[in-house]
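Each chain, letter by letter, is given below.
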Amino acid sequence: MKKLWNVYCFELGNYFKSKSYVLSTILICVLVVVSITIPNLLSSKSSEGGSGSEDSSAIAETIAIYDSEGIVSDELILSYGKTDIKRMKSEAEIKNAVASEEAEVGFVVRSVQEFDYYVYNKSIYDMAGEVFCDLMETAAKTKYCEEKQIDYKELSRLDSENIVCHENVLGKDSENNYWYSYILVILVFMVIVMYGMMIATNVANEKSNRTVEILVTSTSTTSLLFGKVFAGATAILFQLGLIFSSLLGAYQLNKDGLGGMLDMLLDIPAGVLVSFGVFGIGGFLIYAFMYGALGALVSKIEDLNKSAGTAQMIVMLVYFLVLFQMQEPDGIVMKVLSFLPVSSYSAMFIRIAMGTVSIWEIVFSAVLLYASVVGLGFVAAKIFRNSTLRYGNPIKLSNAIRGLRSKEL
């Protein structure tokens, strides 16, 4: 245990001394704070600058319109905001006005249900066509009411009546929980891939420069591998803790200006967060040991991607299966995935957050996951030990497993 602790402290110290780790943590925290703060500043400046400007709902500053039947009145157009209206006598005049930039946009009203929209250069923020569609709907309703002798004001008043719905969810609100579950599943996937490869690279590096030959003389390969994996898990928790603290701190300072954009992350139930932590850490550990064992099978860094392909394929397959089944958290596929150690880290979390799951299922899945972590950890340590002095071409995983049975590689 003392040797394991020494390896753990040494590896964790390497993380904190690593410039890439420290700089990436600081950079991500700064980017998070800036990305939360800038939208609030821009919205504040926009509201200050627009306090004395024209109504934002206006179609455009200047519009050209050809309406031979008189369906759309100037009064109706101006009700959507202050606009300079130019009445044209033909469609050709509309085209010329828009082409010469005499008018920003042009409209040819053909009937109460049809119009042509002309614009010279359409930006990605162009909403004039959509606004005029809404205007045409109002004009069509007005004309219909005039023909049927219906009071349009009374009809519109009824149409705008506010219907209040008091929603009471007694169980889980899957629609509300979907997005934060989706984000957390992506997060744990990225952590596994990034830090898993980091552990595999670390193991392969020590074997490549023969550092491992010195290390195994003073400690066991089990302590070495377990220390590396546990140090990696601690470094992840520390880094993610700082990032989320920066995110939540910046959000609290800019909450009023962002309109509650991230409230769903602040409203995650404590039980769901605990389950995410328990299964997320277990999922990382099981893949970390897998990456560590695969890293020990190569002697050169350039061979690592080929060797780690097995772990990459499994984690990618699980990732896509879980995402595709998120809308059916109580389906048979998700239930099966929630008990498999390689997929329960995300599948069981989804079932807890969005579906129906009993306590015994959660406990059984967690026990099975961590038992598999311990078992795979010792298997990976044996592969690590048997591969320590083997150099040259990468060792096939199948040969490494057979070597465990015969106690030689």
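What you see is a predicted model, and the numbers here were worked out from it, not measured in a lab.

Overview of the overall build of the protein
The secondary structure content of the protein amounts to 17 helices and four strands. Residue burial in the protein is summarised as follows: out of 409 residues, 41% are buried. Carbon together with sulfur atoms contributes 60% to the accessible area of the protein, which is approximately 23,200 Å² in total.

Focus on the sheet that holds strand 3 (residues 105-111)
The four strands lie next to each other as 2-1-3-4, forming an open sheet whose pairing is mixed. Taken across any chain shown, the strands that pair with only one partner, and hence form the sheet edges, are strand 2 (84-87) and strand 4 (114-119). Across the sheet, the mean angle from the axis of one strand to that of its neighbour is 25°, orientation sign disregarded. Inspection of the sheet shows strand 3 paired to strand 4 by six bridges, in the antiparallel sense. Paired with Val108 across the bridge in strand 4 is Asp116. The sheet strands contacting helix 4 (residues 91-99) are strand 1 (62-67), strand 3 and strand 4, and the helix crosses strand 3 at an angle near 160°.

Notes on the confidence of the model for the protein
In this model, the protein carries a mean pLDDT of 79, and residues with pLDDT of at least 70 account for 78%. Here residues 49-56 is a poorly scored stretch, pLDDT under 50, and it has four contacts once near neighbours within four places are set aside; other chains count.

Re the packing of aromatic side chains
Applying the stated criterion across every chain yields a total of 18 aromatic pairs. Look at Phe115 and Phe132: their rings are 4.9 Å apart centre to centre, the planes differ by 65°, and that puts the pair in the edge-to-face class. With Phe115 in strand 4 and Phe132 in helix 5 (residues 128-148), this pair connects stretches of sequence that are 17 residues apart. Phe132 carries the same exposure label as Phe115, and that label is buried. Residues Tyr287 and Tyr345 carry aromatic rings whose centres are separated by 5.9 Å and whose planes lie at 85° to one another, so their mutual orientation is edge-to-face. Of this pair, Tyr287 sits in helix 11 (residues 270-296) while Tyr345 sits in helix 15 (residues 344-354), and the two are 58 residues apart along the sequence. A relative accessible area of 0% places Tyr287 in the buried class. In this structure Tyr345 comes out as buried when scored by relative accessible area, which is 3%.

Considering the pairing of strand 1
Within strand 1, five of the six residues are buried, which leaves the element mostly enclosed by the surrounding structure. Two strands pair when backbone bridges link them, and strand 1 and strand 2 are joined in this way by four bridges, in the parallel orientation. Looking at the pairing, Thr62 lines up with Asp84 of strand 2. The pairing of strand 1 with strand 3 spans five bridges and is classified as parallel. Bridge pairing in strand 3 places Asp67 opposite Val109.

What to know about the environment of Ser79
Here Ser79 is to be found in the loop between helix 3 (74-78) and strand 2. Considered as a pair, Ser79 and Leu135 are 56 residues apart in the sequence and their alpha carbons are 9.3 Å apart. Looking at Ser79, its side chain comes within polar contact range of the main-chain oxygen of Leu76, at 2.4 Å.

So, a nonpolar patch on the surface
On the surface, Val22, Ile26, Val30, Val34 and Ile38 cluster together into a nonpolar patch covering about 370 Å² of accessible area. When you line up the elements, Val22 lands in helix 2 (residues 19-49).

Let's talk about the nonpolar core
Of all hydrophobic cores here, the largest spans 67 residues; its most connected members are Ile192, Phe284, Tyr287, Tyr291, Val322 and Ile350. When residues of this core are assigned to their parent elements, the largest contribution, 15 residues, is made by helix 7 (residues 174-208). In this view, Tyr291 contacts Ile192, Val193, Gly196, Met197, Ala200, Ala308, Ala311, Gln312 and Val315; residues no more than four positions away in its chain are not counted. In terms of nonpolar packing, the next biggest core, distinct from the first, is built from 19 residues, Ala60, Leu76, Val109 and Leu135 among them.

Concerning the packing of helix 11 against helix 13 (residues 309-324)
The geometry of helix 11 relative to helix 13 is characterised by a closest axis approach of 9 Å and an angle of 155° between their N-to-C directions. On the basis of their axis angle, the class for helix 11 and helix 13 is roughly antiparallel. Across the interface between the two elements, Tyr287, Met290, Tyr291 and Leu294 of helix 11 pack against Thr310, Ala311, Gln312, Ile314, Val315 and Val318 of helix 13. Grouping the constituent residues of the contact of helix 11 with helix 13 by class yields eight nonpolar, two polar and no charged.

Some words on unusual backbone geometry
Despite not being glycine, Glu101 has its phi angle at roughly 60°, a positive value. Here Glu101 shows up in the loop between helix 4 and strand 3. A relative accessible area of 58% means that Glu101 is categorised as exposed. The backbone of Gln149 shows a phi angle near 55°, a positive value even though the residue is not glycine. Relative to the helices and strands, Gln149 resides in the loop between helix 5 and helix 6 (152-159). With relative accessibility at 75%, the residue Gln149 sits in the exposed group.

About the criteria used
- Residues numbered from 1 in each chain as written.
- Predicted model: local features only at pLDDT ≥ 70, side-chain atom pairs only at ≥ 80, totals over all residues.
- Heavy atoms only, no water.
- Helix = DSSP H or I, 4+ residues; strand = E, 2+ residues; numbered from the N terminus.
- Buried < 20%, exposed > 50% of the residue type's maximum accessible area, 1.4 Å probe, protein only.
- Areas by Shrake-Rupley, 256 points an atom, 1.4 Å probe, with all protein chains shown as cover.
- Pairing = 2+ DSSP bridges.
- Axes fitted to C-alpha atoms, helices over the stretch in contact; angles between N-to-C directions.
- Contact = heavy atoms within 4.5 Å.
- pLDDT = per-residue confidence, 0-100.
- Phe/Tyr/Trp six-rings, centres within 6.5 Å; stacked < 30°, edge-to-face > 60°.
- Polar contact = N/O pair within 3.5 Å; in protein donor to acceptor, adjacent residues only side chain to side chain.
- Patch = residues over 30% accessible without salt bridge, like charges linked within 9 Å, V, L, I, M, F, W, Y side chains within 5 Å.
- Salt bridge = Lys/Arg side-chain N within 4 Å of Asp/Glu carboxyl O.
- Core = buried A, V, L, I, M, F, W, Y, C linked by side-chain atoms within 4.5 Å.
- Parallel < 35°, antiparallel > 145°, perpendicular 65-115°, else oblique.
- Nonpolar A, V, L, I, M, F, W, Y, C, P; charged D, E, K, R; others polar.

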